[in-house]
Amino acid sequence: LVAILKMFTGCLDIKTAYLNAAIEEDVWMKPPTGFAKLLRRLFKREKDPRMQKRIKRQLDGLKEGHYLKLLKAIYGTKQAGREWFKLMNGFLVEIGFVPNRAGVCFYSIIVGKEYVLLLLYVDDIIIAASTEELKMKYVSLIGKKFKTSYSGKLEEYLNIALVHDFEGQTITMSQKRYIEVFYSQFNLPIDSKVKTPMQANLSLSSVEEEELSQRQRDYVKHFPFRQLLGCILYLNICTRPMISYTVSVLGKFAANPTFRACKALVWLAKFVYNTRDELLTLGGTTASQVNYCDSDWGGDKTTYKSRGGSVRFLGNGPVVWYSKMQNVTAQSTMEAEYMAMAPAMQNMNFVRNIVNQTGISRIKFKYA
């Protein structure tokens, strides 16, 4: 939407977000290690007699074994995220933003013929407006309420690098640095020969087909399967539709990886690294929607279930995609196709509802 509508962007980070929200319940905690030492240092530095008296009262309480009562929903408490969201949501509604019913953390506001969009992810905020002045107005309002750091035009968000071509009405997304970081953390070898997400005709089973040597068993036992798969899954969700099938297949082995599955995951990681320069491009001149979906029939040779997949475009860029094994065994290719089409239509309605509820009347839909 930002690309299609040529909106001006900004990125905000709210400092110590959870500490802004008061806690409703009575929650007590043990004093953290070194708390008494910190209070004694504060007592020596403090010049105000009233504050000295208050600090001394706290020190005396610690000696008697007193606990601390929480006044704020600090990090680590179960209700911290909820209390912070209630506070932030209430504030945004107060200054005129309307929550999007299809996307809980997505907000919009119409000001005459101008408009503002806001996306909240815990303490990270993307704000976009039809004019620079309108954007800065709401950046200022948020800054007056909370301690924030404003990094200017949106260039990076949640480990995704973004480049906005304002006149070309496109935004490119890259996770090159994210890939390089996790690839080096897992100390994986570089293999430039890997050109596909999965080896051709590879069949993976939850039961090993051949006897493994002790060395191979140790390899599987110590292989960080879930950690590496989690890193690649985030990549798949954000910018890489083309690895959806492989990630879905390997996800079945997260609880009990096999030797072949471990090797297949390393192969996928090599492919991701070799294609780290690839970009996902969003935007276009119109907000038209196009959806593609397909399925195989009985592709899983163990359960004979079919796999469905779909990708939905808003403008010229893909915004929703999936590859998933169907829950029911299809009796025909037609049944498999229909079962693949159902979630594809749900995704279409989801995207349409999100955009419609922004209230931006200038967006016109075309469906194919």
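Given the structure is predicted, the values throughout are model-derived calculations rather than measurements. (Residues numbered from 1 in each chain as written. Predicted model: local features only at pLDDT ≥ 70, side-chain atom pairs only at ≥ 80, totals over all residues. Heavy atoms only, no water.)

**Remarks on the nonpolar core**
For soluble globular proteins, nonpolar side chains are generally found buried alongside one another.
And then number 1: Core analysis: the largest hydrophobic core is formed by 33 residues, its most contacted members being Phe225, Ile232, Leu250 and Leu265.
And then number 2: Mapped by element, the contributors of at least two residues to this core are α5 (176-185), α7 (225-238), α8 (244-251) and α9 (259-274).
And then number 3: With 11 residues, the single largest contributor to this core is α9.
And then number 4: Setting aside anything within four residues of it in sequence, one finds Phe225 in contact with Leu250, Phe253, Ala254, Pro257, Ala261, Cys262 and Leu265.
And then number 5: Counting residues in hydrophobic clusters, the runner-up holds 25 residues, among them Trp84, Leu134, Tyr138 and Ile142. (Core = buried A, V, L, I, M, F, W, Y, C linked by side-chain atoms within 4.5 Å. Buried < 20%, exposed > 50% of the residue type's maximum accessible area, 1.4 Å probe, protein only. Helix = DSSP H or I, 4+ residues; strand = E, 2+ residues; numbered from the N terminus. Contact = heavy atoms within 4.5 Å.)

**A short note on the side chain of Asp300**
And then number 1: On the secondary structure map, Asp300 appears in the loop between β13 (289-295) and β14 (307-314).
And then number 2: Here the side chain of Asp300 touches Lys252 through a polar contact of 3.4 Å, side chain to side chain. (Polar contact = N/O pair within 3.5 Å; in protein donor to acceptor, adjacent residues only side chain to side chain.)

**Overview of the sheet that holds strand β15 (residues 317-325)**
And then number 1: Read across the sheet, three strands follow the order β13-β14-β15 without closing on themselves; strand pairing throughout is antiparallel. Strands at the two margins of the open sheet, each flanked by one partner only, are β13 and β15. Here the average twist between neighbouring strands, direction ignored, is 10°.
And then number 2: Inspection of the sheet shows β14 paired to β15 by eight bridges, in the antiparallel sense. Along β15, the bridge assignment pairs Phe313 with Pro318.
And then number 3: Along the sheet, helix α10 (residues 333-356) makes contact with β13, β14 and β15, crossing β13 at roughly 160°. (Pairing = 2+ DSSP bridges. Axes fitted to C-alpha atoms, helices over the stretch in contact; angles between N-to-C directions.)

**Let's talk about the packing of α8 against α9**
Each packed pair of helices is defined by two parameters, the angle between the axes and the distance between the axes.
And then number 1: Between α8 and α9, the shortest axis-to-axis distance is 11 Å and the interhelical angle comes to 155°. Put simply, α8 runs roughly antiparallel to α9. In the packing of α8 onto α9, the handedness of the crossing is left-handed. Contacts between α8 and α9 involve Thr246, Val247 and Leu250 from the first element and Ala261, Ala264, Leu265 and Leu268 from the second. (Parallel < 35°, antiparallel > 145°, perpendicular 65-115°, else oblique. Left-handed = near helix turned anticlockwise from the far one by under 90°.)

**What to know about the sheet that holds strand β1 (residues 8-14)**
Across a sheet, strands are paired by hydrogen bonds formed along the backbone, either parallel or antiparallel in direction.
And then number 1: Reading across from one edge, β4-β5-β6-β7-β1-β8 is the order of the six strands in this open sheet, with antiparallel pairing throughout. Looking at strand neighbours, the two that pair on one side only are β4 (98-100) and β8 (148-150), the edges of this open sheet. Neighbour to neighbour, the strand axes of the sheet diverge by 25° on average, direction disregarded.
And then number 2: With six bridges connecting them, strand β5 (residues 103-111) and strand β6 (residues 114-121) associate as antiparallel partners. Bridge pairing in β6 links Ile109 to Val116.
And then number 3: Packed on one face of the sheet, helix α3 (residues 80-94) meets β1, β4, β5, β6 and β7 (124-129) and runs near 15° to β5.
And then number 4: Against the sheet, helix α4 (residues 132-145) touches β1, β5, β6, β7 and β8, its axis set at about 10° to β1.

**A closer look at the packing of helix α1 (residues 35-45) against helix α2 (residues 49-63)**
And then number 1: Contact geometry for α1 and α2: axes closest at 10 Å, N-to-C directions at 155°. The angle between the axes of α1 and α2 places the two elements in the roughly antiparallel class. Seen along the crossing, α1 lies across α2 with a hand that is left-handed. Facing Phe35, Ala36, Leu39, Arg40, Leu42 and Phe43 of α1, the residues of α2 in contact are Gln52, Ile55, Lys56, Gln58, Leu59 and Leu62.
And then number 2: For the contact of α1 with α2, the per-class residue count stands at eight nonpolar, two polar and two charged. (Nonpolar A, V, L, I, M, F, W, Y, C, P; charged D, E, K, R; others polar.)

**Focus: the pattern of salt bridges**
And then number 1: This model, assessed by the stated rule, comprises 13 salt bridges.
And then number 2: Here Asp277 ties to Lys176 by a salt bridge, and the two come within 3.1 Å at their closest N and O atoms. Here Asp277 is found in the loop between α9 and β12 (280-283), whereas its partner Lys176 is found in helix α5, with 101 residues between them in sequence.
And then number 3: Three or more residues are tied together by salt bridges with common partners; here these are Glu24, Arg82, Glu83 and Lys86. (Salt bridge = Lys/Arg side-chain N within 4 Å of Asp/Glu carboxyl O.)

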